[in-house]
Amino acid sequence: MPGNQSSSAARVAWICAAAAVVFVLWIVTDVSANAGIGFFYTVPIGMAAWWGGRRWAAVTVAGCAFLYLLGALVQPISNVGVAFAVRLLSFGAVGILVTALRERLLVLEHSAEELEAIRAALTPATLPELAGVDAAATFVPSEYGVSGDFYLLTNGPDGSIVAVVGDVVGHGPKAARLATFIRARFAALAANTSDPAELLSLANDAIADRRSRGRELVSAVCIRYQPDRGRLSWAAAGHPAPLRLPDVAEMKTVGTTFLLGAEAELELGTAETSLEEGDGVVIYTDGATDVRRGGTLLGLGGLTGMLQPIAHFPAKNMVRRVEQGILEWAEDPVRDDLCLLVLKPS
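Attention in this report is confined to the structure presented alongside it.

Each value, and the rule that gives it
Residues numbered from 1 in each chain as written. Predicted model: local features only at pLDDT ≥ 70, side-chain atom pairs only at ≥ 80, totals over all residues. Heavy atoms only, no water. Helix = DSSP H or I, 4+ residues; strand = E, 2+ residues; numbered from the N terminus. Buried < 20%, exposed > 50% of the residue type's maximum accessible area, 1.4 Å probe, protein only. Contact = heavy atoms within 4.5 Å. Areas by Shrake-Rupley, 256 points an atom, 1.4 Å probe, with all protein chains shown as cover. Pairing = 2+ DSSP bridges. Axes fitted to C-alpha atoms, helices over the stretch in contact; angles between N-to-C directions. Salt bridge = Lys/Arg side-chain N within 4 Å of Asp/Glu carboxyl O. Parallel < 35°, antiparallel > 145°, perpendicular 65-115°, else oblique. Left-handed = near helix turned anticlockwise from the far one by under 90°. Nonpolar A, V, L, I, M, F, W, Y, C, P; charged D, E, K, R; others polar. Phe/Tyr/Trp six-rings, centres within 6.5 Å; stacked < 30°, edge-to-face > 60°. Expected span 1.5 Å × (residues − 1). Arc of directions from axis to C-beta. Polar contact = N/O pair within 3.5 Å; in protein donor to acceptor, adjacent residues only side chain to side chain.

Quick notes on the overall build of the protein
Logical step 1: In terms of helices and strands, the protein carries nine helices and 14 strands.
Logical step 2: Put simply, the protein has 346 residues, and 47% of those count as buried.
Logical step 3: Counting contacts in the protein only where the partners sit at least 6 residues apart, residues at least 24 apart contribute 70% of the total.
Logical step 4: Counting only carbon and sulfur atoms, one obtains 58% of the accessible surface of the protein, whose full area is about 16500 Å².

This is the structure we're talking about:
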C-alpha cells in the first residue's frame, strides 16, 4: 500500500531483484519461450509505480527496456523492433495504470483524514465543563461517513450557556465543510450575543454572504440557558423543536421556521420559559427520528417513547441509552447522521 513504512532502499532492492529474476529467466530459458517472459518485466514496473509513483515507474520502465534489449542481444529473437515496441507499450501502460491507482488511493486516504478532522470539529467527543449545567451529546455518522450535523456548547457574554444543534441540507464533504463554517460562525457570534433569534439571524446573514457558492441551506435550533435564573430561551430555523424534560414535550417556537439560507432576512422570535429542579431540554437533528425499520419510521413518537423512561437520568446516561435504543431499533446502516444534545441543571 502507499502508506507502507518500508525503507526506500529496501523497496529499490525488491524492484531490482524482480527485474533481475526476469532477466535471468530470459537467459536460461529456451528462445521459443522468451516472447512471453519479456512481459514479466511489468512486475517490477508495477512495484515501482505502487511504491514510488511516476518517477520510480519511469526509471524502472527505462531499466526494464534496457534489460529487454540486452536479453535480445544475448538470445536474438525475430522481429526484435516490433517485439520491443509492443513490450515498451505494455511497460508504459502498466506504469501509468498503477501510478493512477496509487494516486487515487492517496487522494481518498487524505480525504478520509480531512473528513475525520472535520467530524471531530463538528461533533467533539467531549463537551466543555460549564457551571450549573449537566450536558452530554451523542453523534453517530450516517452511511455517507460524514455529513452536515453539528453541535456547539459554549458560554454567552452574559454568563449564560449557549447551545446550538444544526443540520446542513445535503451529504458528503460539501455539506461537512459548510457545517464547519456555520458552526465556527455560531461560536464567534456567541461571544457577542446569547439571544437565540439574533444568533440564528446573524448566522443566516453569514450564509447569505456566501451566495457565490450556490444555494446553501441549514436547519438549526439555538438555546440560551441561564442556570442562575432557571430560565431557558430558544429559537429554531427549519429545525425540530426542542423537547422539554422530564415530560418530553415539544417546546413551541416563535416566528417563522425557514431554513437558514432560504431567505435573505428571517423574522425569528425567541421563546422563553422557566426550568424547575430536575427539568431539562433535548435538542436533536432529524436523524434521530427519520430512521426506519422496514417500512416503519421511528418518528417523534418513537424518540419520545425512548426518552420518557430515562428522562430523570443524568445527561450522559440519557444520551448513551437513547443512542443504543435507536441503533438497536433501526436498520443498519443509518442513512442520516444521528445527533442529540441533552442539557439539565447540575
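Text resumes after the structure shown.
Here's the deal with the sheet that holds strand E6 (residues 243–245)
Logical step 1: If you walk across this open sheet you meet the five strands as E1-E14-E11-E6-E7, and the pairing is antiparallel. Whereas interior strands pair on both sides, the edge strands pair on one side only; in this sheet they are strand E1 (133–140) and strand E7 (249–250).
Logical step 2: Contacts from helix H8 (residues 299–307) reach E6, E7, strand E11 (280–284) and strand E14 (338–345), with the element oriented near 15° to E6.

Some details on the sheet that holds strand E4 (residues 218–226)
Logical step 1: One open sheet accounts for five strands, arranged E2-E3-E4-E5-E10; its pairing is antiparallel. Since the sheet does not close on itself, it has two edges, and those belong to strand E2 (149–155) and strand E10 (271–274), each with one partner. Neighbour-to-neighbour, the strand axes of the sheet open up by a mean angle of 15°, direction not taken into account.
Logical step 2: As paired strands, strand E3 (residues 161–168) and E4 are joined by eight bridges and run antiparallel to one another. Across the sheet, Asp-167 pairs through a bridge with Ser-219, a residue of E4.

Points about the pattern of salt bridges
Logical step 1: All told, the structure shown has three salt bridges when counted by the stated rule.
Logical step 2: Asp-279 serves as the salt-bridge partner of Arg-244, at 3.0 Å between the closest nitrogen and oxygen. Placement of the pair is Arg-244 in strand E6 and Asp-279 in the loop between E10 and E11, with a sequence separation of 35 residues.
Logical step 3: According to the relative accessible area criterion, Asp-279 is buried, its value standing at 10%.

Points about the packing of helix H3 (residues 42–52) against helix H4 (residues 54–74)
Logical step 1: Contact pair H3 / H4: the axes reach a minimum separation of 7 Å and the direction vectors enclose 160°. Classified by the angle their axes make, H3 and H4 are roughly antiparallel. Here H3 and H4 pass one another in a crossing that is right-handed. Contacts between H3 and H4 involve Pro-44, Ile-45, Ala-48, Ala-49, Trp-51 and Gly-52 from the former and Arg-54, Trp-56, Ala-57, Thr-60, Val-61 and Cys-64 from the latter.
Logical step 2: Within the contact of H3 with H4, the residues separate by chemical class into nine nonpolar, two polar and one charged.

A few points about the pairing of E2
On any regular strand, side chains alternate: one points to one face of the sheet, the next to the other face.
Logical step 1: The buried fraction of E2 amounts to five of the seven residues, a majority that puts the element mostly inside the structure.
Logical step 2: Strand direction decides the pairing type here: E2 and E3, joined by seven bridges, are antiparallel. Paired with Thr-154 across the bridge in E3 is Val-162.
Logical step 3: Here E2 folds back onto E3 in antiparallel fashion, the turn holding five residues, of which Gly-159 has a positive phi close to 85°.

Observations regarding the packing of aromatic side chains
The relative placement of two aromatic rings is captured by the distance of their centres and the angle of their planes.
Logical step 1: Counted under the stated rule, the structure contains four aromatic pairs.
Logical step 2: Where Trp-26 meets Tyr-68, the ring centres are 5.1 Å apart and the plane angle is 70°; that geometry is what we call edge-to-face. Taken together, the residues Trp-26 in helix H1 (residues 8–28) and Tyr-68 in helix H4 connect sequence positions 42 residues apart. Grouping residues by exposure puts Trp-26 and Tyr-68 together as buried.
Logical step 3: Taken together, the ring pairs connect Trp-26, Tyr-68 and Phe-84 into an aromatic cluster.

What to know about H1
Logical step 1: When the terminal C-alpha atoms of H1 are compared, their 30 Å separation across 21 residues agrees well with the 30 Å that a helix rising 1.5 Å per residue should span.
Logical step 2: Residues Arg-11, Ile-15, Ala-18, Ala-19, Val-22, Phe-23 and Trp-26 constitute the buried set of H1. End-on view of H1: buried residues confined to an arc of 130°, all on one side of the axis. Facing away from the buried side of H1 by over 90 degrees, the exposed positions are Ala-9, Trp-14 and Val-28.

Observations concerning the packing of H1 against H3
The description of two helices packed together rests on the angle between their axes and the distance between the axes.
Logical step 1: Interaxial distance between H1 and H3 falls to 8 Å at its minimum, and their mutual angle equals 165°. It follows from the interaxial angle that H1 and H3 lie roughly antiparallel. Where H1 crosses over H3, the two elements pack in a sense that is left-handed. The residues of H3 that touch H1, namely those facing Arg-11, Trp-14, Ile-15, Ala-18 and Ala-19, are Pro-44, Met-47, Ala-48 and Trp-51.
Logical step 2: Looking at side-chain class alone, the contact of H1 with H3 contains eight nonpolar, no polar and one charged residues.

A look at the side chain of Thr-193
Logical step 1: Tracing the sequence through the fold places Thr-193 in the loop between helix H6 (172–189) and helix H7 (196–208).
Logical step 2: The class for Thr-193 is buried, based on a relative accessible area of 10%.
Logical step 3: A distance of 3.2 Å separates a polar side-chain atom of Thr-193 from the backbone nitrogen of Asp-195.
Logical step 4: Here the side chain of Thr-193 touches Glu-198 through a polar contact of 2.9 Å, side chain to side chain.

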